[in-house]
Amino acid sequence: MTIKKTRAEAPGLPLNQIIAGDCIEAMNSLPAGSVDLIFADPPYNLQLKGELHRPDNSKVDAVDDHWDQFSSFSAYDRFTREWLTAARRLLKPAGAIWVIGSYHNIFRVGVAMQDAGFWMLNDVVWRKSNPMPNFRGKRLTNAHETLIWASRDEAAKYTFNYEALKALNDGVQMRSDWVLPICTGHERLKDENGDKAHPTQKPESLLHRILIATTNPGDVVLDPFFGTGTTGAVAKMLGRDFIGIEREESYRKVATERIARIRKFDASGLEVTGSKRAEPRVPFGQVVERGMLRPGEELYSVGNRFKAKVRADGTLVGNDIKGSIHQVGAACEKAPSCNGWTYWHFKRDGKMIPIDILRQQIRAEMEADERQHH
C-alpha cells in the first residue's frame, strides 16, 4: 500500500491508499459521486482545561492533541460545514455517511449535517461495556458515544443489509443501542515508546457492524479522519475498497503497517444473509404445477389449529374461504395480513414441514440455472 500526496486533480480513485494532507483539500481533489459510504470520526473539540489526573495522581492519557484544538465553537462549526460539504459531493446518489462523536461535538455536527442536505436515518448509541471511569467524581461516567447515520438525500435508495444485521444479533432485529467494548489489549496499537498510538482508536467490532450493515463487497468506503486505519483494516478484511485521508505522519505510518498485516476474507466468507425481497419471486402456483404439492392435499397452520386444501390453480380453500396462501392464512387468524409461506405446513412421514422449504428448493434451482448461463 502506498501513501499518496494530495494534488489538485485526481484522475481516478486512489483505492486502498492513504492520502496525506488536509481532509477538505483531499476530498475536493477526488471525483464527485464516486464513493459508496463515508465513515467520519472528526475531532471532538473536547475543550479540555488542564491535565486530567486519577485519584492516585497519575496523569490520564486524554485527548490533548493539537488537531483537537479549535479557538471557538464558530471555528469548529465552520470546519464541520466545510468537510461535510466536501463529503456530500463525493457520495454516489445512493451513498450514505456515518459520523461518530461525543457530547462535546455530535449535536453541533448533527445540525450541520441537516443543513448540508443529508437525511437522517438513525442515531446509534455505542454503549461502551468497559468505559473509562470519571476520576473527578463530579459528573456521570461517559459510557457512550453517538453515531449518526444519514443518506446523501431524502429519497436515496441507500444500502441496508437488514437480514445480515439480524443474523449478527442471534436472529433478533438489531436495535440502535450497541454494546461493544472500547479498544483495549491486543487491538490497541502502540507507538515505539509503548504509548497509545492514537487516543481515540475505534474498535474493529464497531466498523465491522457498520460495514456489514451499510455496504456490500466491492463498495468504496472513505474515511476522511483515518487515524490508525481501523476503517481501512476492516474494509480490507470484508472485501471493500477504502480511501483514507490523514494529515498526521505518525498515524499514517501505523495505519500502513497495520493494514499490510491484514488478510482479506475469502469470497465465500464475505457473503451475508440477503433480504428476502431481493430473492427471486416464486408464486405458490409453481409449487403445484411442478407436482411438489398435489391438488386436494391438505395444509396445516402453525400449531395445527386450521387446515386448508390445495386447489389446482394454486389457491387454497378452507373454512369456507378461498384465496391465496396469504389471504386464507390471514382469514383463519383474523389478522390483517399473513405470510402464507411460513404459516402453512404439509405432512411428510408424520412430520410437519413449512411450504417455504419448497419455495427455497425452486429458488436454488433458479440460481443454479442462472449460474450456468453466465
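In what follows, the structure referred to is the one given above.
The residue numbering used here restarts from 1 in each chain and proceeds along that chain's sequence as written. Whole-chain, interface and lining totals are the exception, using all residues; otherwise, since this is a predicted model, local features are given only for residues with pLDDT of at least 70 and side-chain atom pairs are given and counted only at 80 or more. Side-chain numbers come from the whole structure's heavy atoms, not from hydrogens or water.

Undergrad: So what about the overall build of the protein? Which residues, and what values?
TA: Broken down by element type, the protein carries 12 helices and 15 strands. Contacts in the protein between residues at least 24 apart in sequence constitute 66% of all its contacts with a sequence separation of at least 6. By the criteria applied, helices consist of DSSP H or I runs no shorter than four residues and strands consist of E runs no shorter than two, each listed in order from the N terminus. What makes two residues a contact is simply this: any of their non-hydrogen atoms within 4.5 Å.

Undergrad: Go over the environment of E163 with me, naming the residues and quoting the values.
TA: Among the structural elements, E163 can be located in helix α4 (residues 162-168). Sequence separation between E163 and T273 is 110 residues; the distance between their C-alpha atoms is 5.7 Å.

Undergrad: Break down the environment of G303 for me, citing the residues and quoting the values.
TA: Topologically, G303 is positioned in the loop between β10 (298-300) and β11 (307-310). Once the C-alpha coordinates of G303 and Y343 are considered, the two residues, 40 residues apart in sequence, prove to be 9.4 Å apart.

Undergrad: How would you summarise the nonpolar core if you had to cite specific residues and measurements?
TA: In these notes, a set of buried Ala, Val, Leu, Ile, Met, Phe, Trp, Tyr and Cys residues joined through side-chain atoms within 4.5 Å is what counts as a nonpolar core. Exposure classes here rest on a 1.4 Å probe applied to the protein chains alone. A residue is buried below 20% of its type maximum, exposed above 50%, and partly exposed in between. Ranked by internal contacts, the top residues of the largest apolar core, which has 34 residues, are W98, L147, W178, L206, I210 and L211. Of all the elements, helix α5 (residues 204-214) adds the most residues to this core, at 6 residues. Every residue in contact with I210, bar those within four places of it in the chain, is listed here: L37, F39, W98, L147, W178 and T215. I19, A26, V35 and A150 belong to the second-largest nonpolar core, a separate cluster that totals 31 residues.

Undergrad: Help me get a handle on the pattern of salt bridges, residues and values and all.
TA: Salt bridge, as used here: a side-chain nitrogen of Lys or Arg that lies within 4 Å of a carboxyl oxygen of Asp or Glu. The full count for this structure, using the stated rule, is 15 salt bridges. In this structure, E248 engages R247 in a salt bridge whose closest nitrogen and oxygen atoms are separated by 3.6 Å. Residue classification places R247 among the partly exposed residues on the basis of a relative accessible area of 46%. Where R305 meets E333, a salt bridge forms, and the shortest distance between an N and an O atom there is 2.7 Å. Here the residue R305 occupies a position in the loop between β10 and β11, and E333 occupies one in helix α10 (residues 325-333), the gap between them amounting to 28 residues. Judged by its relative accessible area of 53%, R305 is exposed. Relative accessible area serves as the criterion here: at 30%, E333 is assigned to the partly exposed category. When salt bridges with common partners are traced through the structure, they connect R88, R152 and D153 into a single cluster.

Undergrad: An account of the side chain of R209 is requested, with residue identities and associated values reported.
TA: You can see R209 is positioned in helix α5. Only four residue types enter the charge count, namely Lys and Arg as positive and Asp and Glu as negative; His and the chain termini do not. We note that R209 is buried and unpaired, the nearest opposite charge coming from D177 at a distance of 7.8 Å.

Undergrad: Outline the pairing of strand β9 (residues 241-246), listing residues and values.
TA: Taken across its 6 residues, β9 has 5 buried, putting it largely inside the fold. Note: two strands are recorded as paired if DSSP finds a minimum of 2 bridges between them. Bridge count between strand β2 (residues 17-20) and β9: 4 bridges; the pairing is parallel. Bridge assignment links I19 to a residue of β9, and that residue is I245. Alignment of strand β8 (residues 220-223) against β9, held across 4 bridges, turns out to be parallel. Note that in β9 the partner of L222 across the bridge is I243. Crossovers are marked right-handed if the path from the first strand over the helix to the second runs clockwise, as seen with the strands pointing away from the viewer. Where the polypeptide runs from β8 across helix α6 (residues 230-237) and back to β9, its parallel neighbour, the crossover connection is right-handed.

Undergrad: An account of α10 is needed here, citing residue identities and associated values.
TA: Residue pairs spaced three or four apart in an α-helix point in one direction, given the helix's 3.6 residues per turn. Those residues of α10 lying buried are I325, V328, G329, A330 and C332. Summarising the contacts, the buried residues of α10 are in contact with α9 (284-289), β11, β12 (316-318), β13 (321-323) and α11 (340-343). Note on α10: the residue one or two positions beyond its end, K334, has a positive phi of about 50°.

Undergrad: Which residues make up the packing of α5 against α6, and what values do they have?
TA: Under this scheme, a helix contributes an axis fitted over its contacting stretch, all axes are lines through C-alpha atoms, and angles between N-to-C directions fall in the 0 to 180 degree range. With their axes 9 Å apart at the nearest point, α5 and α6 run at an angle of 55° to one another. When the axis of α5 is compared with that of α6, the two are oblique. α5 and α6 meet at a crossing whose hand is right-handed. Side by side, α5 and α6 meet where E204, L207, H208 and L211 of the first sit next to T230, T231, A233, V234, A235 and M237 of the second. Residues that form the contact of α5 with α6 fall into these classes: 6 nonpolar, 3 polar and 1 charged. For this classification, under 35 degrees means roughly parallel, over 145 means roughly antiparallel, 65 to 115 means roughly perpendicular, and everything else is oblique. When the near helix sits turned anticlockwise from the far one by under a right angle, the crossing is termed left-handed; a clockwise turn instead gives a right-handed crossing. Gly is placed with the polar residues, together with every amino acid not listed as nonpolar (Ala, Val, Leu, Ile, Met, Phe, Trp, Tyr, Cys and Pro) or charged (Asp, Glu, Lys and Arg).

Undergrad: Requested: an account of the packing of helix α2 (residues 73-90) against helix α3 (residues 106-116), with residues and values cited.
TA: Working note: a packed helix pair is described by the angle between its axes plus the distance between those axes. Put simply, α2 and α3 touch, their axes get as near as 9 Å, and they point 45° apart. If you check the angle between α2 and α3, you find them oblique. Pair α2 / α3 crosses with right-handed handedness. Counted together, F73, Y76, D77, T80, R81, L84 and R88 of α2 and R108, V109, A112, M113 and A116 of α3 form the full contact between these two elements. Each residue belonging to the contact of α2 with α3 can be placed in one class, and the counts come to 7 nonpolar, 1 polar and 4 charged.

Undergrad: If you had to explain the side chain of T315 to someone new, which residues and values would you point to?
TA: Tracing the backbone through its elements, the reader meets T315 in the loop between β11 and β12. Of the residues examined, T315 reaches a relative accessible area of 18% and is grouped as buried. Definition of a polar contact: a pair of N or O atoms within 3.5 Å, with one able to donate and the other able to accept a hydrogen when the atoms are protein atoms, and with sequence-neighbouring residues admitted only if both atoms are side-chain atoms. Of note is the side chain of T315, whose polar atom sits 2.5 Å from the side chain of D313. Excluding residues within four positions of it along the chain, T315 makes contact with K309, V310 and G323.

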